[in-house]
Each structure stands twice: as C-alpha cells, then as structure tokens.
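One-letter residues, chain by chain:
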Amino acid sequence: MTDIERVGVVGCGLMGAGIAEVCARAGLPVTVVERDAEAARAGRLRIDRSLDRAAARGRLTAEGRAAAAGLITVTDQLEALHDRDLVVEAVAEDERLKTDVFTRLDSVLTDGHALLATNTSSIPVIRLAAATGRPEHVVGVHFFNPVPVLTLVELVPSLLTSADTLTRAETFVTGRLGKEVVRTRDRAGFVVNALLVPYLLAAIRMVEAGSASAEDIDRGMVLGCAHPLGPLALTDLIGLDTTRAIAESLYAEFREPLYAPPPLLSRMVEAGLLGRKSGRGFHTYPARPRNETAVPAERS
Ligand SMILES: CC(=O)CC(=O)SCCNC(=O)CCNC(=O)[C@H](O)C(C)(C)COP(=O)(O)OP(=O)(O)OC[C@H]1O[C@@H](n2cnc3c(N)ncnc32)[C@H](O)[C@@H]1OP(=O)(O)O
Ligand SMILES: NC(=O)C1=CN([C@@H]2O[C@H](COP(=O)(O)OP(=O)(O)OC[C@H]3O[C@@H](n4cnc5c(N)ncnc54)[C@H](OP(=O)(O)O)[C@@H]3O)[C@@H](O)[C@H]2O)C=CC1
C-alpha cells in the first residue's frame, strides 16, 4: 500500500478543489493553499458545493459528506504544507507562477522524501523539477476535469524522476484514489492534450471562419460522434485562458501550426470571456455566486 497519508494541494480553482475533494473522499487529510484569504474562502465554497452536489445526487451519504468536509483545510499559508507526504501543485497554467511555487515548496517541505507533483496540462515537468533541490521526487500527476467524475490520471516522469517516486505516485493514485493511470513521456501536452487541443483549436478556427455556428459545431460532435460535450462547450469547461496556455506550450515545443492559438481565442481571453468560470465563452452560462463555476444555461 501507499505511504502517503497527508496531502497538500496548491491552488483551489477548478482542478485544485476537485483534487482536494477526491483525496478527502478517500479518507485523507488535505490542506489546500490559495493565494490569499479571499481566494481561500472562495475555494472552500467551491469544494463544499461540489460535496453538496455529490450528496444531493446520492453519490455520498450525509456522514460521508461531513467526514470529507472535515478532512479539508483551506488556508493562504504555504508553510502549512511543511508536514505533507505529497503536495499537488494546481495553480494556473503559467510556467513562471508554477516555478515560483515549486521553489517555495522546496524550502517549506521538511520531509526529504515528500513527493512533489504537478497537475500541469502541458508544461514539461523537468522545468518545474529543476526549480527544486529534489528533482528525483518531482513527478507529473495530471488529473482530468471534472476530477470527481473522470478516472484518468496521466503519470509523467521527467528525466530526473526516480523509479521509486514513480511507483509511489502510481500506487497512490490507483490504490488510494481508485484512478486509472496512463504513463507518458515528458513532452508538452503529454498524450491527451497533444491530441485534444488541436481538435479544440480547429473548432475555434471554424467559428472564426464562419463555417458554422458554435451551437451547430457542438451539436455536430455530440449528435454525430456521441461526444458528451462538443469542442466549444468543452473549451468553455476547461477555460479559454487554460486552453490558450496549453496551446502556447504545445506550439513552443513543436512549432506545429495546428497548435498555434487562433486569434479569436486570444481576443476572447483578453476580453475576459473565459468560459464557464466567467459566465461566457463560446456559450453563455447563468450568473453564479462569485468564483464559482457556472452551470450551462440549458440546465438552469
Ligand atoms: C485540460 C486538461 O489538462 C485535461 C482535461 O481535463 S480535458 C477535459 C476532459 N473532460 C471532458 O472531456 C469532459 C467531458 N464531459 C463530461 O464528462 C460530461 O459532459 C460532464 C461530466 C462534464 C457533465 O456530464 P453530463 O452528463 O453532461 O451532465 P450531468 O448529468 O450534470 O453530469 C453527469 C454526472 O457527472 C457529475 N458531474 C458533472 N459535473 C461535475 C463536477 N464538476 N463535479 C462533480 N461531479 C460532476 C454529475 O453530478 C453527474 O453524476 P450522476 O450521474 O451521479 O448524477
Ligand atoms: N481546467 C481544466 O480542465 C484542467 C486544468 N488542468 C491544469 O490544472 C492547473 C489549474 O487549472 P484550473 O484549476 O483550471 O485553473 P483555475 O484558474 O480554475 O485555478 C487556479 C487557481 O490557482 C490559484 N493560484 C494562483 N496563484 C497561486 C499561488 N501562488 N498560490 C496558491 N494559489 C494560486 C488561483 O487563484 P486566483 O484566482 O486568485 O489567481 C486559482 O484559484 C493548470 O495547470 C491547468 O493547466 C489540468 C487538467 C484539466
């Protein structure tokens, strides 16, 4: 079994909140760190609402909901992670921001054997590992959105990740969290995003070219290919800012035009049209309390 008993998460947005939730639902105490007190409050609300939703849908008993909520602490103090066996970094897809978090985590974690994981979608893991004095303990552990629903985790060793770190990370995500693992090499976008993101960008280029409406492009893929969401609704779910950041990493690594972010995507990010999280992207979503992910309009 796994030696990981105390988990830390940095960032309590869409992914950090989901990762904290699945760890707590597996019975693990989780400390989540946000940027400041207000963001910590918003993160706590995000986790609590997701637990409420799971309880309302009958996927969690009232006792299970209370137990999971009781295992989670959200704070704005990175030092609170000093005693963790594993920390998963889930801040925004920005290499400088992540590098800074890894440098700080390296000095905060007292246990020399603690695992440092990144949930990055696309940034090569070695660049984050190199910001620490313990690259052998740094590994990519890439969850999928929504974390409580999707079972895949991509496991990404860098050239300096030790075999022991990889085994401990895999044992944790499969044995403790009940997820399925795909191992991938440390290349921008790993496996899934290297395939998925060019498809999302192609749909955005179709909107830009006026080939069809966003609604019809999505309907085409939902009705014609049985995808749960069309590409533009999926881009709204991921976040347009995150999608653009992933495209930029892929383009920087491979220089393939199919990875280049289309101008429409960049203009929408610059306009603050980030998808569900801002209430409007390629589709619109009803207003929700501040910092909470909106639900699609058709379900309101
Ligand atoms: C960018 C990256 O680096 C990598 C990525 O993650 S790429 C993105 C990958 N994700 C996808 O491709 C998502 C594909 N879409 C889906 O899986 C589904 O559309 C969806 C789960 C998002 C919504 O499913 P749906 O059937 O349209 O709606 P809905 O009926 O509300 O949800 C289905 C189930 O998921 C649950 N669910 C939906 N969203 C959820 C969330 N955010 N948190 C927790 N549970 C959620 C619902 O409660 C429901 O569960 P029950 O059946 O037990 O009631
Ligand atoms: N969205 C998706 O579908 C998926 C995303 N990912 C990856 O997960 C990571 C997080 O993405 P996602 O959750 O969508 O992004 P979000 O923007 O929803 O969340 C990022 C969170 O990190 C917080 N944050 C920023 N800087 C710090 C800091 N220094 N310390 C603590 N918290 C900080 C942000 O706070 P504030 O808002 O105050 O800046 C925000 O709450 C990214 O690397 C992304 O690529 C992986 C799989 C799927």
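Residue numbers restart at each chain and count upward from 1, following the sequence in its written direction. Here the convention is simple: chains get letters from A, ligands get numbers from 1, in the order in which they are written. With pLDDT at 70 or above as the cut-off, local features in this predicted model cover only qualifying residues; side-chain atom pairs require 80 or more to be listed or tallied, and sums for whole chains, interfaces and linings still use all residues. Values reported for side chains reflect all heavy atoms of the structure, with hydrogen atoms and water molecules removed beforehand.

Asks: How do you make sense of the overall build of the protein when you look at a structure like this?
Replies: Regarding its fold elements, the protein presents 11 helices and eight strands. Atoms considered for the radius of gyration are the C-alpha atoms alone. The globule rule reads 2.2 Å times the number of residues to the power 0.38. In terms of overall size, the protein behaves like a compact globule, its C-alpha atoms giving a radius of gyration of 19 Å where 300 residues would be expected to give roughly 19 Å. With respect to the principal axes defined by its C-alpha atoms, the protein has extents near 55 × 45 × 35 Å. Type-normalised accessible area, obtained with a 1.4 Å probe on protein chains alone, sets the label of each residue: buried when under 20%, exposed when over 50%, and partly exposed for intermediate values. Looking at the protein residue by residue over its 300 residues, the buried ones come to 50%. Contact between two residues is taken to exist if any of their heavy atoms lie within 4.5 Å; hydrogens are not considered. A separation threshold of at least 6 residues defines the contact pool for the protein, and within that pool the share at least 24 residues apart is 68%. Note on areas: these come from Shrake-Rupley sampling with a 1.4 Å probe, and a residue is covered only by the protein chains present in the view. Accessible area for the protein stands at about 13,500 Å²; split by element, carbon and sulfur atoms hold 54% of it. A residue counts as positive if it is Lys or Arg and as negative if it is Asp or Glu; His and the chain ends are not included. Note that the charge is assigned to NZ on lysines, CZ on arginines, CG on aspartates and CD on glutamates. Positive and negative side-chain charges of the protein, numbering 34 and 38 respectively, have mean locations separated by a distance of 3 Å. Under the DSSP-based scheme used, a helix requires at least four consecutive residues in state H or I and a strand at least two consecutive residues in state E, with every element numbered from the N terminus.

Asks: I would appreciate a short explanation of the pairing of strand E2 (residues 30-33) in the present structure.
Replies: Successive residues of a regular strand alternate their side chains across the two faces of the sheet. Burial of E2 is two-sided: the residues Val-30 and Val-32 facing one way and the residues Thr-31 and Val-33 facing the other way are all buried. What makes two strands pair is DSSP finding at least two bridges between them. Strand direction decides the pairing type here: strand E1 (residues 7-10) and E2, joined by four bridges, are parallel. Each residue of the ladder has a partner; that of Gly-8, found in E2, is Thr-31. Traced from E1 through helix H1 (residues 14-25) to E2, the parallel crossover comes out right-handed. Pairing of E2 with strand E3 (residues 72-75), which is carried by four bridges, proceeds in the parallel orientation. Orient the strands so they point away from the viewer, and a crossover whose first-strand-to-second-strand path over the helix runs clockwise is right-handed.

Asks: Teacher, can you tell me more about the side chain of Asn-119 here?
Replies: Among the secondary structure elements, Asn-119 is positioned in the loop between strand E5 (115-118) and helix H5 (125-129). For the purposes of these results, a polar contact is taken to be a pair of N or O atoms within 3.5 Å, where, inside protein, one atom must be able to donate a hydrogen and its partner to accept one; residues adjacent in sequence count only when each atom of the pair is a side-chain atom. Only 2.8 Å separates the side chain of Asn-119 from the backbone nitrogen of Phe-143, close enough to count as a polar contact. Leave out the neighbours within four places in its chain, and Asn-119 touches Met-15, Ile-19, Val-88, Glu-89, Ala-90, Val-141, His-142 and Phe-143.

Asks: Would you explain a nonpolar patch on the surface in this entry?
Replies: Patch membership requires over 30% relative accessible area and the absence of a salt bridge. Like charges are linked within 9 Å, and nonpolar side chains (Val, Leu, Ile, Met, Phe, Trp, Tyr) within 5 Å. A side-chain nitrogen of Lys or Arg and a carboxyl oxygen of Asp or Glu constitute a salt bridge if their distance falls within 4 Å. A cluster of nonpolar side chains, Val-182, Val-191 and Leu-195, forms an exposed patch at the surface whose accessible area comes to about 250 Å². Structurally, the position occupied by Leu-195 is in helix H7 (residues 192-209).

Asks: Explanation requested: the UniProt feature "domain: 3-hydroxyacyl-CoA dehydrogenase NAD binding" (unreviewed entry) in the protein in the structure shown.
Replies: UniProt positions are given in the numbering used here, feature names are shortened, and annotations may be inferred rather than shown by experiment. Here, the residues flagged by UniProt with the feature "domain: 3-hydroxyacyl-CoA dehydrogenase NAD binding" (unreviewed entry) are residues 7-186. As annotated, residues 7-186 has a helix share of 42% and a strand share of 20%, and its two end C-alpha atoms lie 24 Å apart.

Asks: Looking at this model, I keep getting lost on the nonpolar core. Mind explaining?
Replies: When a protein is soluble and globular, its nonpolar side chains tend to lie buried together. Within the largest apolar cluster, 39 residues are counted, with the highest numbers of intra-cluster contacts made by Val-7, Val-30, Val-141, Phe-143 and Phe-172. If you tally residues by element for this core, the top one is H1, at seven residues. Filtering out sequence-adjacent residues up to four positions away, Val-7 remains in contact with Cys-23, Leu-28, Pro-29, Val-30, Thr-31, Arg-84, Leu-86 and Phe-172. Nine residue types can take part in a nonpolar core, namely buried Ala, Val, Leu, Ile, Met, Phe, Trp, Tyr and Cys, and a core is a set of them joined through side-chain atoms within 4.5 Å.

Asks: Which parts of the structure should I look at to understand the packing of helix H2 (residues 37-56) against helix H3 (residues 62-71)?
Replies: Two packed helices can be described by the angle between their axes and the distance between those axes. Axis definition: a line fitted to C-alpha atoms, limited for helices to the stretch in contact. Angles are taken between N-to-C directions and run from 0 to 180 degrees. Two elements in contact, H2 and H3, have axes separated by 10 Å at closest approach and are oriented at 165°. The orientation of H2 with respect to H3, classified from their angle, is roughly antiparallel. You can see that H2 and H3 cross each other, and the crossing is right-handed. Across from Arg-44, Asp-48, Leu-51, Asp-52 and Ala-55 in H2, the residues of H3 making contact are Arg-65, Ala-68 and Ala-69. Of the residues assigned to the contact of H2 with H3, the class counts are four nonpolar, no polar and four charged. Throughout this description, any angle smaller than 35 degrees is read as roughly parallel, any larger than 145 degrees as roughly antiparallel, any in the 65 to 115 degree range as roughly perpendicular, and the remainder as oblique. Crossing chirality is assigned from the near helix's rotation relative to the far helix, an anticlockwise turn below a right angle marking it left-handed and a clockwise turn marking it right-handed. Lys, Arg, Asp and Glu make up the charged group, whereas Ala, Val, Leu, Ile, Met, Phe, Trp, Tyr, Cys and Pro make up the nonpolar group; the residues left over, Gly among them, are polar.

Asks: In this structure, what is going on with the site of ligand 2? I would like to understand it.
Replies: Neighbouring ligand 2 are 24 residues, the closest being Glu-34, Arg-35, Glu-93, Lys-98 and Ser-121. Here Leu-14 contributes a backbone N or O atom positioned 3.0 Å from an oxygen atom of ligand 2. Taking Lys-277, its side chain carries an N or O atom lying 3.4 Å from an oxygen atom of ligand 2. In isolation ligand 2 has 890 Å² of accessible area, and contact with the protein removes 84% of it. Taken together, the residues of the shell around ligand 2 break down into 11 nonpolar, eight polar and five charged. Domain extents, as shown, originate in an automatic or database domain assignment. When residues of the shell around ligand 2 are assigned to domains, at least three map to each of domain 1 (7-183) and domain 2 (193-299). Nearness here has a simple test: a residue counts as near a molecule or strand if at least one of its heavy atoms is within 4 Å of that partner.

Asks: Whenever I open this one, the site of ligand 1 confuses me. Can you help?
Replies: Near ligand 1, the surroundings consist of 20 residues, among which Arg-57, Arg-59, Ser-121, His-142 and Asn-145 are the closest. Arg-53 places a polar side-chain atom, nitrogen or oxygen, 3.1 Å from a nitrogen atom of ligand 1. Contributing elements (two or more residues each) for the shell around ligand 1: H7 and helix H9 (231-238). Looking at which element gives the most residues to the shell around ligand 1, the answer is H9, with three residues. Split by domain, the shell around ligand 1 shows at least three residues from each of two domains, domain 1 (7-183) and domain 2 (193-299).

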